[in-house]
Amino acid sequence: MKKVAGKVRVAIVGAGGISGQHVKGILAYPDRLACTALCDVSEENLAKRRAQLGAEPPAFRDWRQMLERHGDQIDVVDICLPHHLHAQAILDAAAAGKHVLCEKPMCTDLKDADRILAAVRKAGVTYMSAHNQLFMPAVQEARKLIGEGLIGRVRWLRSQDCFVNQPTALVGKWRSQLKFQGGGELIDTGYHPTYRLLYLADAGVVGVRGSMARFHQLIEGEDTASVQVRFANGALGEILTSWAFANPHGTHQIHVIGEKGQLFGSGNTLHFLPAGYAQPAVMNLKPVDTFSAQMLHLADCLCEGKRPLHGAEEGKAVLEIILEATADAQGWQKLAAVEVPRRRTRRAS
């Protein structure tokens, strides 16, 4: 992998809402990172990012034109586009010899995932999945303690992210349509608990089941998903994610049970409950802005030639779980459409 010497020059492609968090991370480390280009079809979005930056880096409406005309001022392309545009933007950036940071999901189908893996390897560039919640203190501390053997062999894990999104919030927006979103809630907000689960399990996946529902969102995809994962080391995993209800009361963003105890927590707080004890010890961890930590990690990886916590391989692994869960859920829905009327007929007779 080619290293970056000095300050990392970032070109942001897609200057909408989430890019504001990326800019915040760049501004947090002005000695390590600089935004040297912006690309968006919206003048309003470009104006917002320029105001946030307090500067006016060159702006483009086409990322290919940006790479061609301004490529000598770019080290890494930071992709914050709608989902259906991710794959082509990654491929074009890699072909231009640029490192890549891409928002979730890496892409929306496995053929594109394989194309991306091949392109990144051929170009010799670093690809980093923008999985910002890996830098959540509770997640980092849990991963460390699991690795140290604190709870012994892991038997069960749960990762969840649920909140109420207003039914009309996405109407008329790209997230409401399958052709742009690539799915429903699971491939969007649900991406976070999925990659957290993989990170904490640290094992290959051998089985996935999924159930989905649309309770109140006016979108084409699901607004709620429950996913079960079996890992190669025997551990069982669960993902719960929704735009229709909040996290179940008393639960946490992550929960891991091992033979010697349990670890569970959210945000900056992690609990440890040893086997046989009634009350857990509570660890109040130093707060972290996960997007700023993500951008600093990017700079460290590019300058030191290190592999990111999650690269293209992990991006594909997360997508595989989501697509397998979606296919399984759709299979059950088709079966239910056939079986329910039959059962009603038998009862009626």
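This one's a predicted model, so the numbers in the text were calculated from it and none came from an experiment.

### Some remarks on the overall build of the protein
Consideration 1: Across its full length, the protein holds 10 helices and 14 strands.
Consideration 2: Expected size for 349 residues packed as a compact globule is a radius of gyration near 20 Å; at 21 Å, the protein falls within 12% of this value.
Consideration 3: Dimensions of the protein along its principal axes, counting C-alpha atoms only, are 70 × 50 × 35 Å.
Consideration 4: For the protein, the proportion of contacts with a sequence separation of at least 24, taken over those separated by at least 6, is 70%.
Consideration 5: Per element, the accessible surface of the protein, about 15800 Å² overall, is 52% carbon and sulfur.
Consideration 6: Between the mean site of the 41 positive side-chain charges and the mean site of the 35 negative ones, the protein shows a separation of 4 Å.

### Concerning the nonpolar core
Nonpolar side chains tend toward joint burial in soluble globular proteins.
Consideration 1: If you look at the biggest cluster of nonpolar residues, it comprises 89 residues, and the most contacted ones within it are Met66 and Leu157.
Consideration 2: Discounting residues that sit within four places of it in the chain, Met66 has contacts with Ala11, Val13, Ala37, Cys39, Phe60, Gly71 and Ile74.

### Structural notes on the packing of helix H6 (residues 137-147) against helix H8 (residues 191-201)
Consideration 1: Orientation of H6 relative to H8, taken along the N-to-C sense of each, is 25°, at an axis distance of 9 Å. Relative to H8, the element H6 lies roughly parallel. Along the contact surface, H6 presents Val139, Gln140, Ala142, Arg143 and Ile146, while H8 presents Arg196, Tyr199 and Leu200.
Consideration 2: Broken down by class, the residue content of the contact of H6 with H8 amounts to five nonpolar, one polar and two charged.

### Structural notes on the sheet that holds strand S14 (residues 281-284)
Consideration 1: Spatial ordering of the open sheet is given by S8-S9-S10-S7-S11-S12-S13-S14, a layout of eight strands whose pairing is mixed. Unpaired on one side and paired on the other, strand S8 (205-213) and S14 mark the two borders of the sheet. Each strand of the sheet is rotated relative to its neighbour by a mean of 10°, with strand direction disregarded.
Consideration 2: Bridging between strand S7 (residues 154-162) and strand S11 (residues 254-258) involves five bridges; their strand directions are antiparallel. Opposite Val154, over in S11, you have Gly258 as the bridge partner.

### Comments concerning the confidence of the model for the protein
Consideration 1: Residue-level pLDDT values for the protein average 95, and 95% of them are 70 or greater.
Consideration 2: A low-confidence stretch, residues 342-349 (pLDDT under 50), is modelled with zero contacts involving residues beyond four sequence positions or located in other chains.

### As for the sheet that holds strand S5 (residues 99-102)
Consideration 1: In space, the six strands of this open sheet follow the order S3-S2-S1-S4-S5-S6, with parallel pairing throughout. The open sheet has two edge strands with one neighbour each: strand S3 (59-60) and strand S6 (127-129).
Consideration 2: As paired strands, S5 and S6 are joined by three bridges and run parallel to one another. Opposite Cys102, over in S6, you have Ser129 as the bridge partner.
Consideration 3: Sitting on the sheet, helix H9 (residues 290-304) touches strand S1 (8-13), strand S2 (33-39), strand S4 (76-79), S5 and S6, and the angle it makes with S5 is about 160°.

### Remarks on unusual backbone geometry
Consideration 1: Pro105 follows Lys104 through a cis peptide bond whose omega is -15°.
Consideration 2: With respect to the helices and strands, Pro105 occurs in the loop between S5 and helix H5 (110-123).
Consideration 3: With a phi angle near 50°, Asp202 is a residue other than glycine that sits in the positive phi range.

### Let's talk about helix H1 (residues 19-28)
Consideration 1: The set of residues buried in H1 consists of Ser19, Gly20, His22, Val23, Gly25 and Ile26.
Consideration 2: As for H1, its buried residues are in contact with S1, S2, helix H2 (43-53), S4, S5 and H9.

### Notes on the packing of aromatic side chains
Consideration 1: Under the counting rule described, the total for this entry stands at zero aromatic pairs.
Consideration 2: For the cation-ring pair, Arg143 lies above Tyr199, with the distance from its terminal atom to the ring centre recorded as 4.3 Å.

### Overview of the pattern of salt bridges
Between side chains of opposite charge, a pair can form as their charged atoms come close.
Consideration 1: For the structure on display, the rule yields 19 salt bridges.
Consideration 2: For Asp289, the salt bridge goes to Lys24, with nearest N and O atoms at 3.1 Å. Here the residue Asp289 occupies a position in the loop between S14 and H9, and Lys24 occupies one in helix H1, the gap between them amounting to 265 residues.
Consideration 3: Taking relative accessible area as the criterion, Lys24 reaches 41% and is therefore assigned partly exposed.
Consideration 4: When the shortest N-O distance is used, the salt bridge between Glu43 and Arg61 registers 3.9 Å. Of this pair, Glu43 sits in helix H2 while Arg61 sits in the loop between S3 and helix H3 (63-70); the two residues are 18 residues apart in sequence, bridging distant segments of the chain. Here Glu43 and Arg61 have matching classes, each one exposed.
Consideration 5: Three or more residues joined by partner-sharing salt bridges are found here, namely Arg121, Arg307, Glu313 and Glu314.

### As for the side chain of Asp188
Consideration 1: Tracing the chain through its elements places Asp188 in the loop between helix H7 (178-181) and H8.
Consideration 2: A polar contact of 2.6 Å, which involves the side chain of Asp188, links it to the side chain of Arg175.
Consideration 3: Apart from residues lying up to four places away in sequence, Asp188 is in contact with His83, Lys104, Arg175, Gln181 and Trp243.

Cut-off values and rules
- Residues numbered from 1 in each chain as written.
- Predicted model: local features only at pLDDT ≥ 70, side-chain atom pairs only at ≥ 80, totals over all residues.
- Heavy atoms only, no water.
- Helix = DSSP H or I, 4+ residues; strand = E, 2+ residues; numbered from the N terminus.
- Rg over C-alpha atoms; globule rule 2.2 N^0.38 Å.
- Contact = heavy atoms within 4.5 Å.
- Areas by Shrake-Rupley, 256 points an atom, 1.4 Å probe, with all protein chains shown as cover.
- Lys, Arg positive; Asp, Glu negative; His and termini not counted.
- Charge placed at Lys NZ, Arg CZ, Asp CG, Glu CD.
- Core = buried A, V, L, I, M, F, W, Y, C linked by side-chain atoms within 4.5 Å.
- Buried < 20%, exposed > 50% of the residue type's maximum accessible area, 1.4 Å probe, protein only.
- Axes fitted to C-alpha atoms, helices over the stretch in contact; angles between N-to-C directions.
- Parallel < 35°, antiparallel > 145°, perpendicular 65-115°, else oblique.
- Nonpolar A, V, L, I, M, F, W, Y, C, P; charged D, E, K, R; others polar.
- Pairing = 2+ DSSP bridges.
- pLDDT = per-residue confidence, 0-100.
- Phe/Tyr/Trp six-rings, centres within 6.5 Å; stacked < 30°, edge-to-face > 60°.
- Lys NZ or Arg CZ within 6 Å of the ring centre and 35° of its normal.
- Salt bridge = Lys/Arg side-chain N within 4 Å of Asp/Glu carboxyl O.
- Polar contact = N/O pair within 3.5 Å; in protein donor to acceptor, adjacent residues only side chain to side chain.

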